[in-house]
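Residues per chain, in single letters:
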Amino acid sequence: MAIGDGIRRNVATISQAERYRFINAILALDKVKFYGDGVSFWDKQEDIHKDAHAGGADVHGGPAFIPWHRELCNRFEALLREVDPALSLHYWDWTTDPRPTLLKPEFMGSSNGDAGFPLQDFESTEGGAHTKIWRNITAAGAPAVSSDNTIVTTGDAAPQANQFPQMRLALEGAHDTAHGYIGGSIGNPHFSFHDPFVFLLHSNVDRLWARWQTAAGQEWRLDPNQVYGNDGGAASITNNLEPWDGST
């Protein structure tokens, strides 16, 4: 595998050197890179997600969930590349236990209690006696989610107009389970994007949607006028994408 080729990979399989570069870029987005209003590049992404969770047009539990979070991930990847152009936003395969390779001080911090080094300064505002991001994995093994194949083939036997809505429910349900599995800051939907690990979780959502879109013989899934089926008439699909459309 070649760093800088633009491909998102299973983050458990990239080199330790690339992991260091990845976490260092995230730290730079929080500590070094700032917008004109004084908010760091990192904190701005959490603000965007929090505001959308509170007031967005069904970007959670609705048709826009998958495409809205794809845009958030794509824009975050672009920010990472402002720090290190060779980086990609890799993904956590949520059918695997993240503790042996990912949630440890050498990469993304602890799996229980405060995340600690190297994310010891990433704040959290959801209460629960934690002022910094924290995790609370109590399960043995990986999250109890369906296989990738089960998720991406959900709805395949349904009429075309129903295929995206059925797959979306399966994918969002697995995503919800993954959030709850990590627990702590990520377990609180409104404040989950305080924790950088959440982007690895959502990159996996995007990967599975891409796998669904590119399934053999399903070219219509790449057509924006067909892909959403019965969900395609929702205001959150047909309207401009907030907040990147310049609205408030």
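Residues numbered from 1 in each chain as written. Predicted model: local features only at pLDDT ≥ 70, side-chain atom pairs only at ≥ 80, totals over all residues. Heavy atoms only, no water.

Caption draft 1: Molecular detail of the environment of Ala 78. Looking at the secondary structure, you find Ala 78 in helix H3 (residues 65–83). C-alpha separation for the pair Ala 78 and Phe 107, spaced 29 residues apart in sequence, amounts to 21 Å. (Helix = DSSP H or I, 4+ residues; strand = E, 2+ residues; numbered from the N terminus.)

Caption draft 2: Structural detail: the environment of Ser 146. Along the polypeptide, Ser 146 turns up in the loop between strand S2 (134–136) and helix H4 (148–153). We classify Ser 146 as partly exposed; its relative accessible area is 38%. Separated by 28 residues in the primary sequence, Ser 146 and Ala 174 place their C-alpha atoms 7.0 Å from one another. Ignoring anything within four residues of it in the chain, the contact list for Ser 146 reads Thr 95 and Ile 151. (Buried < 20%, exposed > 50% of the residue type's maximum accessible area, 1.4 Å probe, protein only. Contact = heavy atoms within 4.5 Å.)

Caption draft 3: Inspection of the nonpolar core at higher detail. Core analysis: the biggest nonpolar cluster contains 60 residues, and Trp 92, Trp 94, Leu 171, Phe 197 and Phe 199 have the highest contact counts within it. Contributing elements (two or more residues each) for this core: helix H1 (16–31), helix H2 (41–55), H3, H4, helix H5 (160–182) and helix H6 (197–213). Counting residues per element, this core draws most heavily on H6, at nine residues. Not counting chain neighbours up to four residues away, the residues in contact with Trp 92 comprise Val 11, Pro 98, Leu 102, Pro 143, Ala 178, Tyr 181, Ile 182, Phe 197, Leu 200, Leu 201 and Asn 204. (Core = buried A, V, L, I, M, F, W, Y, C linked by side-chain atoms within 4.5 Å.)

Caption draft 4: Structural view of the packing of H5 against H6. Closest axis-to-axis distance for the H5/H6 pair is 11 Å, and the angle between their directions is 160°. It follows that H5 is roughly antiparallel to H6 by the angle criterion. For the pair H5 and H6, the sense of crossing is right-handed. On H6, the residues touching Gln 163, Phe 164, Met 167, Leu 171, His 175, Ala 178, His 179 and Ile 182 of H5 are Phe 197, Val 198, Leu 201, His 202, Val 205, Leu 208, Trp 209 and Trp 212. Looking at the contact of H5 with H6, its residues break down into 12 nonpolar, four polar and no charged. (Axes fitted to C-alpha atoms, helices over the stretch in contact; angles between N-to-C directions. Parallel < 35°, antiparallel > 145°, perpendicular 65-115°, else oblique. Left-handed = near helix turned anticlockwise from the far one by under 90°. Nonpolar A, V, L, I, M, F, W, Y, C, P; charged D, E, K, R; others polar.)

Caption draft 5: The packing of aromatic side chains, seen in detail. Enumeration according to the criterion identifies 15 aromatic pairs in this entry. Between Phe 193 and Phe 199, the aromatic rings sit 5.0 Å apart at their centres with planes inclined by 90°, giving edge-to-face as the arrangement. Take Phe 193: its relative accessible area is 1%, and that puts it in the buried class. You can call Phe 199 buried: its relative accessible area is 1%. (Phe/Tyr/Trp six-rings, centres within 6.5 Å; stacked < 30°, edge-to-face > 60°.)

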